[in-house]
Amino acid sequence: MRKYIKLLEQLLVIFLILPFSCITEISKKVTTPTPEKPNIVSLFIDDYCWYDIGYRNATFHTPNLNKLRKESLEFNRAYIPIPTCSPKRLSLLTGKGAVRLEMSRHIVIDPNFPNKEYNLGKTDLVQRPSRIFLPLEEVTYAEHLKELCYYNQFIGKWHLEHQKYFHTKQGFDAMYGTTNARYPKNCYYPFFKKTDDPEGFLASGVKGGGYLTDVLTDKVVDTIVNYDKDKPFMLSFWYYSVHEPSIGRKDLLYKYTKPGLIEKYMHHGAMVEGMDEFIGRVRKASEEKNISKNTVLIVLSDQGGVYSNAPLSGGKKGGNRLGEGEMRAPLLINYPDIPKPHTETNIPVHSIDIYSTLVEIVSGKKSQNKDIQGVSLLLILRGETIKGRNLYFFRSYEDQYASVIS
């Protein structure tokens, strides 16, 4: 009798565990990816203007983005909710407006008080407290995908300080190239100040003269080519480029040495082309791995850059920080099940929509979390439309702005 009671206890434990696990240890067959669970590569580019792309502006050489556009859906009116580094990253990860989570400015850590929760901007007119980290209790898209048996890797710029709150505490299984820096001191090695990269994440194996975007690209390509886990993957590559310092790769600079172009803008052009090369390398790696037909590729910028965003108004320099030039971002989604490639939409969408879109792509169901502000873009990807709504924007520094698109 005791033997049967013991067996029942063991069965009860198994049935309690099954709904909350990927069942990796119990049955490898269950974790084998199916066509309904694609691999996902998300590329988040820093300070990349909506207009700085070859098919809009002939100054730039972007053959891979040009090709991707013909095979994808382009969102002509994609926006970010707040034009500053840390908050927009928080919004992308959580599907929530950063202001709701009390982060309205980029993170600056006071070395004298590294564990405090908020800071005050010295030039902020209203002295609005801003959170200096992504709270661990917030559920990121990586944590949600992890529950659905995904492997998550993060490469590049985090800026949701500090190491206590790095991505491995937010659902990512591995990370590479992450530092405490807002941006590198140089695009050529050594990339960062020692104080910004105390763990030396990019020190090992990088030869003298290495270029930052190439080093990070090598890691992404290597992950794809050598991936051998029995579950689909989500790779989140958040570029340090094309943010300043504007230092283009030397072998690309000659293309942009033209009369009338300032030297920094020549470097910017070379940086844009180097970023475009990366997109081509990722797609080639997926094709060689024979997973391209089951891989979703998302290319998104985080805001306009420091140079002209014409013909759109506004930008990082010159005022109008909530203008179209600053807030509108390139967004291309290549999804294997899109019925009509080489299409575009003028429906206004938000970067916070990526969270809900990923959830529906992976699970086949819309997110039921009422706290999520973003909506899934899957209907638009399928050639349909979504309900009308308001998109909200905010900025709180030495200037104070709020706006809405209805």
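Scope of this entry: the structure provided in the associated data block. (Residues numbered from 1 in each chain as written. Predicted model: local features only at pLDDT ≥ 70, side-chain atom pairs only at ≥ 80, totals over all residues. Heavy atoms only, no water.)

1. What about the nonpolar core?
Definition in use: Remark: nonpolar core denotes a set of buried residues (Ala, Val, Leu, Ile, Met, Phe, Trp, Tyr, Cys) joined through side-chain atoms within 4.5 Å. Burial here depends on accessible area, computed with a 1.4 Å probe over protein chains only, as a share of the maximum for the residue type. Under 20% is buried, over 50% is exposed, and the range in between is partly exposed. We count a stretch as a helix when DSSP gives it H or I for four or more residues in a row; a strand needs E for two or more, and each element gets its number in order from the N terminus. It only takes one pair of heavy atoms within 4.5 Å for two residues to be counted as in contact.
In terms of nonpolar packing, the biggest core is built from 46 residues, with Phe75, Tyr141 and Leu331 touching the most fellow members. Sorting elements by how many residues they give to this core places helix H8 (residues 353-363) first, with six residues. With residues up to four places along the chain from it excluded, the contact list for leucine 331 reads Leu73, Glu74, Phe75, Ala78, Ile298, Val299, Leu300, Val349, Ile354 and Leu377. Core analysis: the next-biggest nonpolar cluster, separate from the first, contains 44 residues, Tyr176, Leu216, Phe237 and Val272 among them.

2. Some points on the packing of aromatic side chains
Going by this rule: In summary, the pairing rule links any two rings of Phe, Tyr or Trp, Trp by its six-membered ring, whose centres are within 6.5 Å, and it sorts them by plane angle into stacked for under 30 degrees, edge-to-face for over 60 and tilted for everything else. We call a charge positioned over a ring when the NZ of a Lys or the CZ of an Arg lies within 6 Å of the ring centre and within 35 degrees of the ring normal.
Scanning the model with the defined rule gives 19 aromatic pairs in all. Between phenylalanine 154 and tryptophan 238 the ring centres are 4.9 Å apart and the planes differ by 70°, which places this aromatic pair in the edge-to-face class. In this pair, phenylalanine 154 sits in strand S6 (residues 151-156) while tryptophan 238 sits in strand S8 (residues 233-238), placing the two residues 84 residues apart along the sequence. Here phenylalanine 154 matches tryptophan 238 in class, with each residue buried. Joined through ring pairs, the aromatic side chains of Phe44, Tyr141, Phe154, Trp158, Phe172 and Trp238 make up one cluster. Over the ring of tryptophan 50 we find arginine 56; its NZ or CZ atom is 3.8 Å from the centre of that ring. Against the face of tyrosine 55 rests arginine 69, its NZ or CZ located 4.5 Å from the ring centre.

3. Here we look at the pairing of strand S14 (residues 391-396)
Which entries qualify depends on this criterion: We call two strands paired when DSSP finds no fewer than two bridges between them.
In terms of burial, S14 is a largely internal element, five of the six residues being buried. Both S14 and strand S15 (residues 400-405) contribute to a ladder of six bridges, which runs antiparallel. Residue pairing in the sheet places leucine 391 in a bridge with isoleucine 405 of S15.

4. Notes on empty space enclosed by the protein
To keep it simple, the criterion reads: Here a cavity denotes a set of grid points, spaced 1 Å apart and computed over the protein atoms alone, in which a 1.4 Å probe fits but from which it cannot get out, and a pocket denotes an open set meeting protein on both sides within 12 Å along at least five of seven lines; residues with an atom within 4 Å of a point are reported as lining. Grid points are joined across faces, edges and corners, and a volume is the space filled by probe spheres set on the points. As a working rule, the residues Ala, Val, Leu, Ile, Met, Phe, Trp, Tyr, Cys and Pro are called nonpolar, Asp, Glu, Lys and Arg charged, and the rest polar, with Gly in that last group.
Applying the stated criterion to the full structure yields four cavities of 30 Å³ or more. Estimates place the volume of the largest cavity at around 40 Å³. Residue lining of the largest cavity: Asp47, Val242, His243, Glu244, Ser246, His268, Gly305, Val306 and Tyr307, and that is the complete set. Here the lining of the largest cavity is built from residues that sort into three nonpolar, four polar and two charged.

5. Digging into the side chain of arginine 131
To keep things clear, this is the line we draw: For the purposes of these results, a polar contact is taken to be a pair of N or O atoms within 3.5 Å, where, inside protein, one atom must be able to donate a hydrogen and its partner to accept one; residues adjacent in sequence count only when each atom of the pair is a side-chain atom.
Secondary-structure assignment places arginine 131 in strand S5 (residues 130-131). We classify arginine 131 as buried; its relative accessible area is 10%. A polar contact of 2.6 Å, which involves the side chain of arginine 131, links it to the side chain of glutamate 117. A polar side-chain atom of arginine 131 sits 3.3 Å from a polar atom in the side chain of tyrosine 118. Setting aside residues no more than four positions away along its own chain, arginine 131 makes contact with Leu101, Glu102, Met103, Ile107, Glu117 and Tyr118.

6. Section: unusual backbone geometry
Tyrosine 189 connects to proline 190 through a cis peptide bond whose omega is 0°. Among the structural elements, proline 190 can be located in the loop between strand S7 (174-176) and helix H5 (212-225). The linkage connecting glutamate 244 with the following residue, proline 245, adopts the cis geometry, with an omega of 5°. Even without being glycine, glutamate 102 reaches a positive phi, approximately 65°. One can find glutamate 102 in the loop between helix H3 (85-94) and strand S4 (118-119). Non-glycine residue histidine 342 carries a positive phi angle of around 60°. You can see histidine 342 is positioned in the loop between strand S11 (331-334) and strand S12 (343-345).

7. Digging into the side chain of aspartate 353
By secondary structure assignment, the location of aspartate 353 is in helix H8. Once residues lying within four places of it in the same chain are set aside, the contact partners of aspartate 353 are Gly374, Val375, Leu377 and Arg389.

8. Comments concerning the environment of methionine 266
Counting through the fold element by element, methionine 266 comes out in helix H6 (residues 263-288). Classification of methionine 266 as buried rests on a relative accessible area of 14%. Considered as a pair, methionine 266 and leucine 252 are 14 residues apart in the sequence and their alpha carbons are 9.6 Å apart. Apart from the residues within four sequence positions on either side, methionine 266 is in contact with Leu253, Tyr256, Thr257, Lys258 and Leu261.

9. Concerning the packing of helix H2 (residues 63-70) against H6
Just so we agree on the cut-off: Under this scheme, a helix contributes an axis fitted over its contacting stretch, all axes are lines through C-alpha atoms, and angles between N-to-C directions fall in the 0 to 180 degree range. Each angle gets one of four labels, with under 35 degrees taken as roughly parallel, over 145 as roughly antiparallel, 65 to 115 as roughly perpendicular, and the rest as oblique.
Viewed as axis vectors pointing N to C, H2 and H6 meet at an angle of 55°, and their least axial separation amounts to 7 Å. In terms of orientation, H2 lies oblique with respect to H6. Taking contact as the criterion, the partners of Pro63, Asn64, Leu65, Lys67 and Leu68 in H2 are, on H6, Met275, Asp276, Glu277, Ile279, Gly280 and Arg283. When its residues are assigned to classes, the contact of H2 with H6 shows five nonpolar, two polar and four charged.

10. Digging into the sheet that holds strand S13 (residues 349-350)
Spatially, three strands are ordered S10-S3-S13 in an open sheet, and the strand pairing comes out mixed. Where the open sheet ends on each side, the last strands, each with one partner, are strand S10 (328-329) and S13. Pairing of strand S3 (residues 78-79) with S10, which is carried by two bridges, proceeds in the antiparallel orientation. Paired with alanine 78 across the two strands is alanine 329, which belongs to S10.

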